[in-house]
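Given next are the chains, with one letter for each unit.
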Amino acid sequence: MLALAGGVGGSKLASGLADIAGDGLAVIVNTADDFDHLGLRICPDLDTVTYALAGIANPQTGWGIVDETWSCLDRLAALGGDDWFRLGDKDLATHILRTHYLRQGETLTAVTERFRQRLRIAPAIFPMTDQPVRTLVRTAQGELGFQHYFVKLRCEVPVLGFLFQGIEAATIPAPLEAQLSPVLHDLIVICPSNPFVSVDPILSVPHLRERLLAMRRPVVAVSPIIGGAAVKGPAAKMIRELAMPVSPVSIARHYRGLIHGIVIDEVDAAHATEVEKLGIHVRTAETLMTGKERQRKLAETCIRFGEAIACTLQ
Ligand code: GDP
Ligand code: CA
């Protein structure tokens, strides 16, 4: 089973899928939020997925490491350094070591694999590409770097669209390429991540979307929009600013041509017929993943939904 994931929403469903599929799961992770800060390479979504699958994620925030401390950040601030990006002491070890290996010439894929092995994570974890790709947010004030928009400006400026700088030169890393096979994977899950800034960068890596379609396996998405709002983050605000209704219908329309089915929340059941009119199958479920049990239950729903769709693809 393949899963496409950003950070917080993606890692929660990926954890549920991992509980069921173990090393039968491979997660493709967005890297377009990656950036350099204080000389360190930060990969927010890769780290969120890695920490979640290792069982060391902070359950309160959904990102960062559990029982984190902030001594280094406090010292940085005391010395007049930038402290707008929250770097925990434990988390810092990841960034320091990753930066070290990257400087020695290792690929991000190789470094991610090193950490996966050390943390005894069963599923495979792949950055979408090893080349640098950077999400730029188009606004009336011009193009802003994603972290600037997200962390510094707290998403307060309205968005006009998104650009993935460097995407044309991005290639699918060979180890990931080898995974894009129907022999290895019978289902593709698009996790409830932000469609614009988490999933679209992955799907924009040249040839990746086509390779997924060529697998001719069921593709199932889970809506990150529940009851007219995002669970967390700017997804609903972005949908509104891009002049679309804030409902799972907009998510289904966004992924049209790629997905066969979408899991929407029970509270959105009234939208099911509208989604079905797009030629997309719908399943309703409890999609709010508060806790491990619900992550696993939603993962099971996706798997069964995929099996039902597979019968129609024969
Ligand atoms: P980020 O990279 O950390 O912003 O994380 P993602 O892109 O992976 O996830 C952000 C999206 O996850 C938001 O649009 C949320 O609405 C969605 N999300 C977070 N938790 C849940 C959940 O429990 N259920 C569902 N359905 N969506 C969720
Ligand atoms: Ca992210």
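Residues numbered from 1 in each chain as written. Chains lettered and ligands numbered in written order. Predicted model: local features only at pLDDT ≥ 70, side-chain atom pairs only at ≥ 80, totals over all residues. Heavy atoms only, no water.

Draft legend 1. Local environment of the overall build of the protein. Across its full length, the protein carries 13 helices and 14 strands. Taking 20 Å as the expected radius of gyration for a compact globule of 314 residues, we find that the protein reaches 19 Å, a close match to that expectation. Expressed as lengths along the three principal axes of its C-alpha atoms, the size of the protein is roughly 60 × 40 × 40 Å. For the protein, contacts bridging at least 24 residues in sequence account for 67% of all contacts bridging at least 6. When the accessible surface of the protein is split by element, carbon and sulfur atoms take 52% of a total near 14,000 Å². Computed over 31 positive and 34 negative side-chain charges, the inter-centroid distance for the protein is 1 Å. (Helix = DSSP H or I, 4+ residues; strand = E, 2+ residues; numbered from the N terminus. Rg over C-alpha atoms; globule rule 2.2 N^0.38 Å. Contact = heavy atoms within 4.5 Å. Areas by Shrake-Rupley, 256 points an atom, 1.4 Å probe, with all protein chains shown as cover. Lys, Arg positive; Asp, Glu negative; His and termini not counted. Charge placed at Lys NZ, Arg CZ, Asp CG, Glu CD.)

Draft legend 2. Up close: the coordination of the calcium ion (ligand 2). Distances from the calcium ion (ligand 2) to its protein donors, Asp33 (OD), Asp45 (OD) and Asp45 (OD), fall at 2.1 to 2.7 Å. Of the two residues, aspartate 33 is situated in the loop between strand S2 (26-29) and strand S3 (35-37) and aspartate 45 in helix H2 (residues 44-54); the sequence distance between them amounts to 12 residues. You'll find aspartate 33 and aspartate 45 in the same group, each marked buried. (Donors = N, O, S within 2.8 Å, 3.2 Å for Na, K, Ca; no water. Buried < 20%, exposed > 50% of the residue type's maximum accessible area, 1.4 Å probe, protein only.)

Draft legend 3. Up close: the site of ligand 1. By nearness alone, 21 residues border ligand 1, and Ser193, Ser198, Pro224, Val231 and Thr287 come closest of all. A distance of 2.6 Å separates an oxygen atom of ligand 1 from a polar atom in the side chain of serine 198. Take serine 223: an N or O atom from its main chain is 2.9 Å from a nitrogen atom of ligand 1. Isolated, ligand 1 exposes 590 Å² of accessible area, and the fraction of that covered by the protein chains is 93%. Per element, the largest residue contribution to the shell around ligand 1 is 4 residues, and it comes from helix H1 (residues 8-21). Split by residue class, the shell around ligand 1 holds 9 nonpolar, 9 polar and 3 charged. (Near = heavy atom within 4 Å. Polar contact = N/O pair within 3.5 Å; in protein donor to acceptor, adjacent residues only side chain to side chain. Nonpolar A, V, L, I, M, F, W, Y, C, P; charged D, E, K, R; others polar.)

Draft legend 4. Region of the structure containing the sheet that holds strand S10 (residues 219-222). In spatial order, the strands read S5-S2-S1-S9-S10-S13-S14; together these 7 strands make up an open sheet with parallel pairing. Sheet topology places strand S5 (124-127) and strand S14 (281-285) at the edges, where each strand pairs with a single neighbour. Sheet twist, expressed as the mean angle between neighbouring strand axes with direction ignored, is 20 degrees. Note: strand S13 (residues 261-265) against S14, 5 bridges, orientation parallel. Note on S14: the bridge partner recorded for glycine 261 is histidine 281. (Pairing = 2+ DSSP bridges. Axes fitted to C-alpha atoms, helices over the stretch in contact; angles between N-to-C directions.)

Draft legend 5. Quick look at the pairing of S10. Neither face of S10 is left uncovered, since the one carrying Val219 and Ala221 and the one carrying Val220 and Val222 both have all their residues buried. Bridge analysis of strand S9 (residues 188-190) against S10 gives 3 bridges, and the strand direction is parallel. Bridge assignment links valine 189 to a residue of S10, and that residue is valine 220. Note: S10 against S13, 3 bridges, orientation parallel. Bridging from a neighbouring strand, alanine 221 pairs with isoleucine 262 of S13.

Draft legend 6. Geometry of the packing of helix H4 (residues 89-103) against helix H5 (residues 108-118). One way to put it is that H4 packs onto H5 with a least axis distance of 10 Å and a crossing angle of 135 degrees. Judged on the interaxial angle alone, H5 and H4 are oblique. Handedness of the crossing formed by H4 with H5: right-handed. In this structure, H4 contributes Thr94, Leu97, Arg98, Tyr101 and Leu102 to the contact, and H5 contributes Leu108, Val111, Arg114 and Phe115. Of the residues belonging to the contact of H4 with H5, the class tally is 6 nonpolar, 1 polar and 2 charged. (Parallel < 35°, antiparallel > 145°, perpendicular 65-115°, else oblique. Left-handed = near helix turned anticlockwise from the far one by under 90°.)

Without other data, these values stay purely geometric and don't point to any function.
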